[in-house]
Amino acid sequence: MEEQKKDRGGEVEEEGGQSKSGKKVPIAGKRNILITSALPYVNNVPHLGNIIGFAISMANFDTHGTGVLSADVFARYCRLRDYNVIYICGTDEYGTATETKALEENCTPQEICDKYYAVHKEVYNWFNISFDEFGRTSTPQQTDICQAIFKKLMENNWLSENMMQQFYCNTCNRFLADRFVEGTCPFPNCNYDSARGDQCEKCSELLNPIELKDPRCKLCRKTPQIRDTNHLFLELPLLKDKLEEYINEMSVAGSWSQNAIQATHAWLKGGLKPRCITRDLKWGVPVPHENFKDKVFYVWFDAPIGYVSITACYTPDWEKWWKNPENVELYQFMGKDNVPFHTVMFPSTLLGTGEKWTLMKSISVTEYLNYEAGKFSKSRGIGVFGNDVKDTDIPSEVWRYYLLTNRPEVSDTLFTWADLQAKLNTELLNNLGNFINRVLSFIAKPPGLGYGSVIPDAPGVESNPSTKTLAEKIGNYVDQYIEAMEKVKLKQALKIAMSISSEGNAYLQESQFWKLYKQDQASCSIVMRTSVGLVYLLACLLEPFMPSFSIKVLKQLNLPPERQLSFCDETGDLERAKKPWESLPAGHKIGTPEPLFKDLKDEDVAFFRKKFAGSQADRDVKDRSGKEIAEQLGKTKLS
């Protein structure tokens, strides 16, 4: 056992990987991976686009893509590989959007945060998201760490004071933060008449509120006036050299996706400008400065620090993860509109402290996921929301599978109910489910018709020509799967895993096992032993993508749910995977086979398309109207 040691980058623990608090800490000699997904804003219910990672708005402001599902897949994969990994996320709770929502619902910002934190947590639980910590930014840890970083930036002279023009509403007697101003988008090809002060939802361009045409106060609808107000700015131009050195090195080392590189260089090419880090709000982290004590930190500044503070809520040894660049790899997942805040803003903030922070190594970015005829939108209530999916009776593993096969990694993708139906019925039911059910059902048949639920021995398996050919293909697929997952090419890895199911079906069909059983039981035993090994292999490969599916398969294999699925190099799991007949021992008794998937019918698709048409508000009105009519009919006496 290695002694606990400390090096230039930070601390690593002795083998075992737990601190005194019982939480995971970096381990010497192992891959230590810290995973985050963009913090979902807490002013509404997350929709499917948020969950997979689609982005449509400014970082942590409205309908930005969080990437929780993508990050969960990678975290589960890392656990399969026996890497030392923690997955951190939580709700972003400060800022204008929370104040706005609180005004709409006639309650306090804290009450809004408490309400929607519970909603988010319930939705992610339903989707089987395996956070190590799902926290919040409205915590004492957030205040302490945010203010400590600010003080370091002040000490190092990376901050400046500047006067800026801001809208002031005489009716409301307050300065209006970006989100409290609406108007017409100034971009000539857009002219959207409900653009927000921070960003136009239609064309996605970032805005300054005073650029809006025909501005109005969101609270009272009156025209505001422009006034001067003093604010603090992070001097990004002065940090440019440090930032570019980091980007040039890490974008190569971390194999950043092309869309992340393009978005980052677009910001650099446009010229870095000082960035305001304070706002005239009450709900936020207070600025610890005498001249700015009536202000709070701007959400873009404090929200990414939430990754750090939520880790601090997970373990008091948070610095072993976040101030340990020599021993920890940081992987971050998000929608594309969040990229500059994670590749430019947040790294600049940490670099400016002069401390040894764990900076992002790899970034996984998704494009837009559109809904039927348009974009998902939380603010307009368009699309299928996290609390809707439970009402569809479509299991979480099906939703996960569909969203991941539709993951917009390179270009925008489209959610349609017909496509969901096709993927469920064709890929999951007819390919994957059919293969597993055929294998297990045949083994479960009584002796004389099958194997009495007992996995047969298969002497001579390695000399069987068709099985040997299959094993070579499976070995290649497993290598390709590992390579894709290591590069965070999740959609590609999922497609590879499903190809193994297709190969299994072809292997069964070619063998004609139902005839072979009567004509050559020894050869049939080879086919069945190999095929049931493929069933187990599929449960392993697909666990990151569909964990509840894997639990069902393990149950049907009569393996305990706590059995550790593994692809660890040290224990030879990968090599065994390439010889599927070695996965489960001869003589093992399987459980009861059951269908794993249920088809989605045309009438179901038509029903869901109608049910989720229009906005969420429109649907609520329809639901209430329907209930009122039903109640009235119930009171009406028939003559």
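Residues numbered from 1 in each chain as written. Predicted model: local features only at pLDDT ≥ 70, side-chain atom pairs only at ≥ 80, totals over all residues. Heavy atoms only, no water.

A few words now on the packing of aromatic side chains. Tallied over the full model, the rule gives 34 aromatic pairs. Ring centres of Phe442 and Tyr451 lie 6.2 Å apart, and the angle between their planes is 65 degrees; on these two criteria the pair is classed as edge-to-face. Accessibility expressed as a relative area gives 13% for Tyr451, which makes it buried. An aromatic cluster is present here, built from Trp399, Tyr402, Phe415, Trp417, Phe607, Phe608 and Phe612 joined pairwise through their rings. Over the ring of Tyr117 we find Arg136, and its NZ or CZ is 4.6 Å from the ring centre. (Phe/Tyr/Trp six-rings, centres within 6.5 Å; stacked < 30°, edge-to-face > 60°. Buried < 20%, exposed > 50% of the residue type's maximum accessible area, 1.4 Å probe, protein only. Lys NZ or Arg CZ within 6 Å of the ring centre and 35° of its normal.)

In this section: the side chain of Arg76. With respect to the helices and strands, Arg76 occurs in helix H2 (residues 68–80). In contact with Arg76, other than residues within four places in its own chain, are Asn128, Ser130, Arg400, Glu543, Pro544 and Pro547. (Helix = DSSP H or I, 4+ residues; strand = E, 2+ residues; numbered from the N terminus. Contact = heavy atoms within 4.5 Å.)

Turning our attention to the sheet that holds strand S12 (residues 275–276). The strand order S7-S6-S11-S12 describes an open sheet built from four strands, whose pairing is antiparallel. Looking along the sheet, the strands with just one partner apiece sit at the ends: strand S7 (174–175) and S12. Strand direction decides the pairing type here: strand S11 (residues 225–234) and S12, joined by two bridges, are antiparallel. The partner of Leu234 across the bridge, within S12, is Arg275. (Pairing = 2+ DSSP bridges.)

The next point concerns helix H7 (residues 258–269). Its 12 residues give H7 an end-to-end C-alpha distance of 16 Å, which sits within 8% of 16 Å, the value for a rise of 1.5 Å per residue. Buried within H7 we find Asn259, Ala260, Ala263, Thr264 and Leu268. Buried residues along H7 sit in contact with helix H6 (240–253), helix H11 (339–352) and strand S16 (360–366). One or two steps after H7, the chain reaches Gly271, where phi turns positive at roughly 90 degrees. (Expected span 1.5 Å × (residues − 1).)

Turning next to the side chain of Glu329. By the secondary structure assignment, Glu329 is in strand S15 (residues 328–335). Under the relative-accessibility criterion, Glu329 is labelled buried at 16%. Polar side-chain contacts of Glu329 include one of 2.9 Å to the side chain of Arg31. Separated by 2.8 Å, the side chains of Glu329 and Lys361 make a polar contact. Non-local contacts of Glu329, meaning those with residues more than four positions away in its chain, are made with Arg31, Asn32, Ile33, Leu34 and Lys361. (Polar contact = N/O pair within 3.5 Å; in protein donor to acceptor, adjacent residues only side chain to side chain.)

Ranked by size, the top nonpolar core spans 174 residues in total, and within it Ile35, Trp322, Trp417, Leu432, Tyr481, Leu542 and Phe545 carry the most contacts. Counting residues per element, this core draws most heavily on helix H17 (residues 521–542), at 14 residues. Those residues in contact with Leu542, other than ones at most four positions away along the chain, are Leu432, Leu494, Ala497, Met498, Pro547, Phe549 and Ser550. Grouped together as the second largest cluster of nonpolar side chains are 16 residues, Val181, Cys185, Tyr192 and Cys200 included. (Core = buried A, V, L, I, M, F, W, Y, C linked by side-chain atoms within 4.5 Å.)

For the rest of this paragraph, the subject is the packing of helix H13 (residues 417–444) against H17. Pairs of packed helices are described in terms of their axes, by the angle between the two and the distance that separates them. Between H13 and H17, whose axes approach to 10 Å, the crossing angle comes to 135 degrees. In terms of orientation, H13 lies oblique with respect to H17. Between H13 and H17 lies a crossing of left-handed hand. Across from Leu432, Phe435, Ile436, Val439, Leu440, Phe442 and Ile443 in H13, the residues of H17 making contact are Cys524, Met528, Ser531, Val532, Leu534, Val535, Leu538 and Leu542. For the contact of H13 with H17, the class distribution of residues is 14 nonpolar, one polar and no charged. (Axes fitted to C-alpha atoms, helices over the stretch in contact; angles between N-to-C directions. Parallel < 35°, antiparallel > 145°, perpendicular 65-115°, else oblique. Left-handed = near helix turned anticlockwise from the far one by under 90°. Nonpolar A, V, L, I, M, F, W, Y, C, P; charged D, E, K, R; others polar.)

Attention now moves to the confidence of the model for the chain. It should be kept in mind that the predicted coordinates are not to be read in detail where pLDDT is low. With 87% of its residues at a pLDDT of 70 or more, the chain has an overall mean of 88. Note that residues 54–64 has pLDDT below 50 and, in this model, 76 contacts with residues that lie over four places away or in other chains. (pLDDT = per-residue confidence, 0-100.)

Another aspect to go through is empty space enclosed by the protein. All told, the structure shown has two cavities of 30 Å³ or more when counted by the stated rule. Roughly 40 Å³ of internal volume is contained in the second largest cavity. In this structure, the second largest cavity is lined by Tyr246, Trp322, Leu330, Gln332, His342, Phe346, Pro347, Leu350, Thr358, Leu359 and Met360. Elements that contribute at least two residues to the lining of the second largest cavity include exactly S15 and H11. Here the lining of the second largest cavity gets four residues from one element, more than from any other, and that element is H11. (1 Å grid on protein atoms, 1.4 Å probe; cavity = no way out; pocket = protein on both sides within 12 Å on 5 of 7 lines; lining within 4 Å. Points joined across faces, edges and corners; volume = space filled by probe spheres on them.)

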